[in-house]
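Descriptive analysis of the structure
This is what each chain is made of:
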Amino acid sequence: MKPTDTLQPDYFHRVVDCQWACPAHTDVPEYIRLIAQGRFTDAYLLNRASNVFPGILGRVCDRPCEPACRRGRVDAKPVAICRLKRVAADHRDAIDDRLPEIPRRKNGKRVALIGAGCASLTVANDLMPLGYECVIFESLATTGGLMRSNIPSFRLPGRVIDDEISTIIDFGVDLRLNTPVHSLKALLDEGYDAVFIGTGAPSGRELELPGRHDTENIHIGITWLTSVAFGHVHSIGERVLIIGGGNTAMDCCRTSLRLGGKDVKVVARKPRHLLKASDWELEDAEEEHVELLLNHSPEAYVIENGRLAGMRFSRVEWHEDESGRLRSKTLDEVVLPCDDVILAVGQENAFPFIERDIGIEFDEWNMPVVDETTFQSTRSDVFFGGDAAFGPKNIIWAVEHGHQAAISIHKHCQGTSVRDRLPRGVNLSSRKMGIHEWSYSNDFSALARQAMPRVDLEKRFKELEIEVELGFTVEQTCEEVERCLNCDVQTVFTDSLCIECDACVDVCPVDCLTITHNGEEQDLRKRLRVAALEIEQPLFVSGALKQTGRVMVKDENVCVHCGLCAERCPTAAWDMQKSTILIPYASDEDAGTDSWKSLKKAG
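Counting restarts for each chain: residues are numbered from 1 in the order of the written sequence. Local features in this predicted model are restricted to residues of pLDDT 70 or higher, and side-chain atom pairs are both shown and tallied only at a pLDDT of 80 or more, whereas totals for entire chains, interfaces and linings draw on every residue. Side-chain measures were taken over the full set of non-hydrogen atoms in the model, leaving aside hydrogen atoms and water.

An order of E3-E2-E1-E4-E15 is seen for the five strands of this open sheet, with the pairing classed as parallel. At either margin of the open sheet sits one strand with a lone partner, and together these are strand E3 (174–176) and strand E15 (382–384). Averaged over all adjacent pairs, the angle separating strand axes in this sheet is 20°, with direction ignored. If DSSP finds at least two bridges between two strands, the strands pair. Working definition: helices are DSSP H or I runs of at least four residues, strands are E runs of at least two. Numbering for both runs from the N terminus. The pairing of strand E4 (residues 194–197) with E15 spans three bridges and is classified as parallel. The residue of E15 that forms the bridge with Phe196 is Phe383. Set on the sheet, helix H9 (residues 118–127) makes contact with strand E1 (110–114), strand E2 (133–137) and E4; between it and E1 the angle comes to about 160°. Every axis in this analysis is a line fitted to C-alpha atoms, fitted for helices over the stretch in contact. Angles between the N-to-C directions lie between 0 and 180 degrees. Should any heavy atoms of two residues lie within 4.5 Å, those residues are counted as being in contact.

Rendered as structure tokens:
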């Protein structure tokens, strides 16, 4: 194998599994270290640079970082990354004096943003400091989009949404509430230099079965949640069936309990491991005694004397056919009695305000054709992001879409190619303080993951607005931050200094180092002290060592970044160096290539 080029930005980025998995690539280990030092405001601002909404996401993020967490390979439970983000948000000081300065003199470019949700707000967050005039059109009477209308307040209080959104609106955004856009053509005719569409996926899918339109007690999940959020619905029947297995279904069942539901069941077609709901969402629902019925395929609504009496289901079992596709086999039929049914079987996009003759192409699923890198549509001055671009995902994806769309809008407005984007970079800086001392806590903590304190079951149902999760205590925070393995502090190897004494190989607690003869990757992976069969992360392979011509090989997948190799090495061939991934935003594109190179060099 060729020697590994560790200066290629993605190499060490991939080693920081949590940051690599995060769509917005938040510097997770660094903000956890800042929290460990009690620097909550610094941790919050580091978060905000990439994910924009730390308080919101510290409560409701879908947490793609946590399944990737290296700690999960050590003791099965990842670091509570999301909940630590909330710690920084809940305990920060005022940040007004540390936010970007908004120029009084504008640059003459006006951008319209349709929808006041997370994607549009991220675009405004990135463009306002560059002198753009941003106008947000929102059909509702308040901001937040689906964050406010579809996530129950017992999970995400309105005060948190208001606080983080007002930070952006106070940049001077022209916010126009109760102002739906009925015609994109008419909006474009007003002379905007660019339009961003971040309208989400506002339509819930139907489940057209016999009896569907014979009663008013069958509800579309996201529409029903919106009605609850805005105070139009205050009660529900005692027996409720929620159809679906995603996070919306979990929000619907837990909300039903707070509006009078006594016997609440979530009914899903698939087995548990195939449900779209996050594990923690399922656990939260079950903690509140929601019954989860799996492998039930809905067949019909049962209507008796003009009233909804129940639903009929086929009980099924699943198996794979010859091609590996899942097939179901019906076992029998059951009827489940109910007073109300809530359909949470998916969301769909809707673009009734976009004329089909203005240069925006749509695909066979009636979705706009959007470039996955630039977020530009087939009309050069119209951009999409969030659920409106590629269908329903989650908030953190929408934020990253907003960052990338802001770069494209800026470049479009400045008359440059939206594809000519600054590359990512990486900086390495040593953590060495002495022969055996490092400027980070590298002792392995055997502590278990902290359990989130919650409001007692008998108290949480009294009011819809009671936030169930209370946040970590000081003691819990101090223990949880120590569970982070500091994956961004890398083991950096200088082959010219190695004397092949094997000290690092002997001391490594996870046997991830091997000195051996080079070879093809497949062969080399099998010849390590412990075979490295997980190929998602590449091997580190050094250049030829001076003594024997062999190479140092490291299995990055299992390293716990303890630093023992660097402590033991007598020649300093190993060093512990923090890798900082440099990801350009619209402000960096505005500063130009020379400034970006200087930043990377200074890093």
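Note: domain ranges come from an automatic or database domain assignment. Domain boundaries in the chain define domain 1 (9–97 + 445–483), domain 2 (108–200 + 349–413), domain 3 (204–346) and domain 4 (489–579). One C-alpha centre belongs to domain 1, the other to domain 4; they are set 31 Å apart. Taken together, the contact pairs twelve residues of domain 1 with 16 residues of domain 4. Between domain 1 and domain 4 the total buried area reaches about 1,100 Å² when both faces are included, carbon and sulfur atoms providing 49% of it. Once two parts are put together, the accessible area they lose, assessed with a 1.4 Å probe and summed over both, is termed the buried area. Sorting the residues of domain 1 by area buried against domain 4 places Tyr11, Phe12 and Arg70 first, and these three jointly supply 46% of that buried surface. A side-chain nitrogen of Lys or Arg and a carboxyl oxygen of Asp or Glu constitute a salt bridge if their distance falls within 4 Å. At the boundary of domain 1 with domain 4, the tally comes to two salt bridges. Here Lys578 makes a salt bridge to Glu30, at a shortest N to O gap of 3.9 Å. Between N or O atoms, a polar contact is any pair within 3.5 Å; within protein, one atom must be a potential hydrogen donor and the other a potential acceptor, and residues adjacent in sequence are included only when both atoms are from side chains. If you look at where domain 1 meets domain 4, you find nine residue pairs in polar contact (both at pLDDT 80 or more). Elements represented by at least two residues in the side of domain 1 that touches domain 4 include exactly helix H1 (9–15), helix H3 (28–36) and helix H7 (72–75). Per-element accounting of the side of domain 1 that touches domain 4 gives the leading share, four residues, to H1. Class assignment for the residues of the side of domain 1 that touches domain 4 results in five nonpolar, no polar and seven charged. We call Asp, Glu, Lys and Arg charged. Ala, Val, Leu, Ile, Met, Phe, Trp, Tyr, Cys and Pro are nonpolar, and the rest, Gly among them, are polar.

Further remarks concern helix H17 (residues 395–413). Under the convention used throughout, the expected extent of a helix is 1.5 Å for every residue step, that is, one less than its residue count. Helix length check: H17, at 19 residues, gives a terminal C-alpha distance of 26 Å against a target of 27 Å (1.5 Å per residue), a fit within 8%. Where H17 ends, the next residue or the one after it, Gly415, has phi of about 75°, a positive value.

Right, let's talk about the nonpolar core for a bit. As a rule of thumb, soluble globular proteins bury nonpolar side chains together. Take the buried residues of types Ala, Val, Leu, Ile, Met, Phe, Trp, Tyr and Cys, join any two whose side-chain atoms come within 4.5 Å, and each joined set is a nonpolar core. Throughout this description, buried means an accessible area under 20% of the type-specific maximum (1.4 Å probe, protein chains only), exposed means over 50%, and partly exposed covers the range between. Counting residues in hydrophobic clusters, the biggest one holds 100 residues, and the most contacted among them are Phe53, Leu184, Ile197, Ile354 and Phe384. Taken domain by domain, the makeup of this core includes at least three residues from each of domain 1 (9–97 + 445–483) and domain 2 (108–200 + 349–413). Sequence-distant contacts of Ile197, that is, excluding residues within four places in its chain, are made with Ile114, Leu184, Phe351, Phe353, Ile354, Val382, Phe383, Phe384, Gly385 and Ala388. Grouped together as the second largest cluster of nonpolar side chains are 26 residues, Val240, Ile242, Met250 and Leu292 included.

Turning to the environment of Arg73, a few remarks are in order. Topologically, Arg73 is positioned in helix H7. Using a relative accessible area of 38% as the deciding quantity, one classes Arg73 as partly exposed. Along the chain, Arg73 and Trp224 lie 151 residues apart, while their C-alpha atoms are 40 Å from each other. Other than its neighbours up to four places away in sequence, Arg73 contacts Asp17, Ala68, Gln537 and Asn557.

What follows deals with helix H15 (residues 279–287). The α-helix winds at 3.6 residues per turn, so residues separated by three or four positions along the chain end up facing the same way. The complete set of buried residues in H15 reads Trp280, Glu281, Leu282, Asp284 and Ala285. Positive phi shows up at His289, right after H15, with a value of about 70°.

Another aspect to go through is unusual backbone geometry. At His25, a residue that is not glycine, the phi angle is positive and equals roughly 55°. Residue position: His25 is located in the loop between helix H2 (17–21) and H3. Phi is positive for Asn486, which is not a glycine, with a value near 55°.

Attention shifts here to the packing of helix H14 (residues 247–258) against H15. Closest axis-to-axis distance for the H14/H15 pair is 10 Å, and the angle between their directions is 20°. Judged by the inter-axis angle, H14 sits roughly parallel to H15. Crossing of H14 against H15: the hand is left-handed. Contact residues: Asn247, Met250, Asp251, Cys253 and Arg254 in H14; Glu281, Leu282, Asp284 and Ala285 in H15. When describing relative orientation, an angle under 35 degrees is termed roughly parallel and one over 145 degrees roughly antiparallel, while 65 to 115 degrees is termed roughly perpendicular and anything else oblique. Working rule for handedness: look at the near helix, and if it is turned counterclockwise from the far one by less than a right angle, call the crossing left-handed; if clockwise, right-handed.

Here we come to the side chain of Ser377. Mapped onto the secondary structure, Ser377 falls in the loop between strand E14 (347–348) and E15. Judged by its relative accessible area of 7%, Ser377 falls in the buried class. Among the polar contacts listed, one links the side chain of Ser377 to the backbone oxygen of Arg379, at a separation of 2.9 Å. Engagement of the side chain of Ser377 in a polar contact is seen with the backbone oxygen of Val382, the distance being 2.9 Å. Ignoring anything within four residues of it in the chain, the contact list for Ser377 reads Ile360, Val369, Val382, Phe383 and Phe384.

So, on to the packing of aromatic side chains. Stacked, edge-to-face and tilted labels apply to pairs of Phe, Tyr and Trp rings (six-membered ring for Trp) whose centres lie within 6.5 Å, assigned for plane angles under 30 degrees, over 60, and everything in between, in that order. Per the stated rule, a full pass over the model turns up eight aromatic pairs. Taking the centre distance of 5.2 Å and the plane angle of 65° together, the rings of Tyr11 and Phe12 count as edge-to-face. Overall, the relative accessible area of 6% leaves Tyr11 in the buried class. Of the residues examined, Phe12 reaches a relative accessible area of 2% and is grouped as buried. Taking NZ or CZ as reference, Lys393 lies 4.1 Å from the ring centre of Trp397, over its face. Any Lys NZ or Arg CZ that is within 6 Å of a ring centre and within 35 degrees of that ring's normal is treated as a charge sitting over the ring.

Moving on, we get to the sheet that holds strand E11 (residues 307–320). A sheet is described by the order of its strands in space; here three strands give the open sequence E10-E11-E12, paired in antiparallel fashion. Each edge of the sheet is formed by a strand with only one pairing partner; in this case those strands are strand E10 (296–304) and strand E12 (326–337). Strand-to-strand, the axes of this sheet are offset by a mean angle of 20°, without reference to chain direction. Here E11 runs beside E12; their pairing, made up of eleven bridges, is antiparallel. The residue of E12 that forms the bridge with Glu320 is Leu326.

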